[in-house]
Amino acid sequence: MAMDFEDFLNWLLTSKKLLKRSAKDVISRCKRICKLNNVSELDQIDYETFLSSEVFLSQTMFIKSQLKRAFNLYIEFRTSK
């Protein structure tokens, strides 16, 4: 079952004061991380393992920074619950 990002989206809009488009971009990047790792939940991925994985390292520097930021925001969201 795929993740339900609705709570995360609301958190990004309210707690992080992101614009709707920016928040949706973060959600999209989280989904991309899941797809790159062949999992349905971001919680199934260890952050440090992801950063050292070939699938992450093969991305451009720009994409890597976006994926790291999205993952970090998701971790912050999970720990705030």
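Residues numbered from 1 in each chain as written. Predicted model: local features only at pLDDT ≥ 70, side-chain atom pairs only at ≥ 80, totals over all residues. Heavy atoms only, no water.

## Quick notes on helix α2 (residues 20–36)
Here's step 1: Taking 1.5 Å of rise per residue, the 17 residues of α2 would be expected to cover 24 Å, and the 24 Å separating its terminal C-alpha atoms lies within 8% of that figure.
Here's step 2: Among the residues of α2, A23, V26, I27, C30, I33 and C34 are the ones counted as buried. All buried residues of α2 project into a common sector of 115 degrees when viewed along the axis, lining one side. Facing away from the buried side of α2 by more than 90 degrees, the exposed set consists of R21 and K35. (Helix = DSSP H or I, 4+ residues; strand = E, 2+ residues; numbered from the N terminus. Expected span 1.5 Å × (residues − 1). Buried < 20%, exposed > 50% of the residue type's maximum accessible area, 1.4 Å probe, protein only. Arc of directions from axis to C-beta.)

## A short note on the environment of W11
Here's step 1: Within the secondary structure, W11 is located in helix α1 (residues 6–14).
Here's step 2: You can call W11 buried: its relative accessible area is 11%.
Here's step 3: As a C-alpha pair, W11 and N72 span 61 residues in sequence and 14 Å in three-dimensional space.
Here's step 4: Sequence-distant contacts of W11, that is, excluding residues within four places in its chain, are made with K16, L73, E76, F77 and S80. (Contact = heavy atoms within 4.5 Å.)

## What about the nonpolar core?
Here's step 1: Counting 26 residues, the largest nonpolar core has F8, L12, V26, C30, L42 and F50 as its most contacted members.
Here's step 2: For this core, the elements supplying multiple residues, two or more each, are α1, α2, α3 (47–51) and α5 (61–80).
Here's step 3: No other element matches the 7 residues that α5 contributes to this core.
Here's step 4: Apart from residues no more than four positions distant in its own chain, V26 is found in contact with F8, L12, L18, R69, A70 and L73. (Core = buried A, V, L, I, M, F, W, Y, C linked by side-chain atoms within 4.5 Å.)

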